[in-house]
Amino acid sequence: MKEFKNKVAVITGAANGFGVEMAKECVARDMKVVLADIDSENLKKVEADMKAKGAEVLSVEMDVSKFEDVEILAKKTLETFGSVDLLFNNAGVVVAGPTWELPLNDWDWIMGVNVYGMIYGLKVFIPIMLKQDTPCHIVNVASVAGLLTTPSMAAYHTTKFANVGLTESVNYQLQAMNSKIKMSLFCPGFVQTDLHNCDRHRPERFAINRDEPYYESVSYKQGLERGKHVITTGIPVDSIGQSIFIAIEEEQFYILTHPQYAPVIGGRVRNMLEGVNPSVAMFKK
Ligand SMILES: NC(=O)c1ccc[n+]([C@@H]2O[C@H](COP(=O)([O-])OP(=O)(O)OC[C@H]3O[C@@H](n4cnc5c(N)ncnc54)[C@H](O)[C@@H]3O)[C@@H](O)[C@H]2O)c1
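One structure accompanies this document, and this report is about it. (Residues numbered from 1 in each chain as written. Predicted model: local features only at pLDDT ≥ 70, side-chain atom pairs only at ≥ 80, totals over all residues. Heavy atoms only, no water.)

Here we look at the environment of His258
As for its position among the elements, His258 is in the loop between strand S7 (254-256) and helix H8 (262-274). Taking the C-alpha atoms as reference points, His258 and Pro188, separated by 70 residues in sequence, lie 6.7 Å from one another. Once residues lying within four places of it in the same chain are set aside, the contact partners of His258 are Pro188, Gly189, Phe190, Val191 and Ile235. Of the polar contacts made by the side chain of His258, one reaches the backbone nitrogen of Gly189; its length is 3.2 Å. Among the polar contacts made by the side chain of His258, one reaches the side chain of Thr257 at a distance of 2.5 Å. (Helix = DSSP H or I, 4+ residues; strand = E, 2+ residues; numbered from the N terminus. Contact = heavy atoms within 4.5 Å. Polar contact = N/O pair within 3.5 Å; in protein donor to acceptor, adjacent residues only side chain to side chain.)

Focus on the site of the ligand
Taken together, 30 residues are adjacent to the ligand, and Asn16, Asp37, Tyr156, Val191 and Thr193 come closest. Ile38 is positioned such that a nitrogen or oxygen atom in its backbone is 3.4 Å from a nitrogen atom of the ligand. Coverage of the ligand by the protein chains reaches 99% of its 820 Å² of free accessible surface. Looking at the shell around the ligand, the elements with two or more residues in it are helix H1 (17-28) and helix H5 (154-176). (Near = heavy atom within 4 Å. Areas by Shrake-Rupley, 256 points an atom, 1.4 Å probe, with all protein chains shown as cover.)

A few points about the packing of aromatic side chains
Counted according to the given criterion, the structure contains nine aromatic pairs. Centroid distance Phe67 to Tyr120: 5.2 Å. Interplanar angle 65 degrees. Geometry classified as edge-to-face. Here Tyr120 lies in helix H4 (residues 104-132) and Phe67 lies in helix H3 (residues 67-81), a separation of 53 residues in the sequence. What makes Phe67 partly exposed here is its relative accessible area of 26%. In this structure, Arg29 packs its charged tip against the face of Phe4, placed 5.9 Å from the ring centre. (Phe/Tyr/Trp six-rings, centres within 6.5 Å; stacked < 30°, edge-to-face > 60°. Buried < 20%, exposed > 50% of the residue type's maximum accessible area, 1.4 Å probe, protein only. Lys NZ or Arg CZ within 6 Å of the ring centre and 35° of its normal.)

Structural notes on helix H6 (residues 218-232)
In this model, H6 (15 residues) spans 21 Å end to end at C-alpha, consistent with the 21 Å of a helix rising 1.5 Å per residue. Considered for burial, the residues of H6 that qualify are Ser219, Tyr220, Gly223, Gly227 and Ile231. The buried residues of H6 occupy an angular sector of 95 degrees when projected down its axis, which confines them to one face. Every exposed residue of H6 that faces more than 90 degrees away from the buried side is listed here: Val218 and Glu225. (Expected span 1.5 Å × (residues − 1). Arc of directions from axis to C-beta.)

Here's the deal with the environment of Thr159
Tracing the backbone shows Thr159 in helix H5. Remark: the alpha-carbon pair of Thr159 and Glu274, spanning 115 residues in sequence, is separated by 26 Å. Beyond its immediate stretch of four places on either side in the chain, Thr159 contacts Ile110, Met111, Asn114 and Val115.

With respect to the pattern of salt bridges
As enumerated under the stated definition, the model contains twelve salt bridges in all. Among the ionic pairs, Asp194 bridges to Arg200, the shortest N-O distance being 2.2 Å. When its relative accessible area of 18% is taken as the criterion, Asp194 is described as buried. Of the charged contacts in the structure, one is a salt bridge between Glu216 and Lys221, with a shortest N-O distance of 3.6 Å. The class for Lys221 is partly exposed, based on a relative accessible area of 43%. Residues joined by salt bridges that share partners form a network here, namely Asp39, Asp194 and Arg200. (Salt bridge = Lys/Arg side-chain N within 4 Å of Asp/Glu carboxyl O.)

Interpretation note: all reported values are geometric properties and have no functional meaning in isolation.
Here you go:
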């Protein structure tokens, strides 16, 4: 996709972090922007900021883990702007902690948002884009956590590996059809956003049950602390939007942000091919 003026972008998770940066870049290119998020308070603020700059913006409060909400998002987009040209499947959450301690509720939440949210986005918007038969682009936000593994975030890795496999496969399928829809897979390392505070974005049905001892446990509290540390010491978020748009213009599939992880990603693949067992010792270096 090379032409952006007057084209329509839909961004999930648009009320904080990456989503806001993506929206700013869209507005800078005179696109019409649909901001979708569960965080109604921030959503209204971002919408007001964009409108104050003269942008054509629609905001939709919704939950990506509900298929019917994604359908409504598409309906409102088409009613308001008539098409969808660029989709950012960006909304996401994180949970940390040992798999055998993590309440199933946390698994349901993270799978619902990070995995089903992306599936629903593709299921609802790809048919619209195919029908349009115009140049379109989809950016799926995974993470470097979908390309390498660490000991402390099994649930997050599970969802981000799913995002990688899903995006690569759908991309092949669209290519095989000679579709005009191009895809990019965004796999950043740690970036300063609001991700470590994502418990506040839990839909009611995944709310923390305070009677559940896990939420008083050392594992839970350490997970929160670690999350806060890695996100607040990440790279600044304002570098993100431009690198994504360069990738869209150049039809670049993989978008990575942290070159220092390349040896770890390569080492993981080499271990597999050479039959070397993964060792936790590498995290103690
Ligand atoms: N920040 C990082 O270091 C980092 C690194 C790799 C990948 N990511 C990924 O980037 C994406 C964006 O995260 P971020 O870092 O900007 O975090 P963020 O918390 O700042 O923004 C995420 C947005 O998603 C929204 N959201 C959460 N649940 C939702 C739901 N059910 N429905 C609709 N919206 C929902 C939140 O309200 C929030 O506005 C996520 O997929 C995350 O996994 C982030």
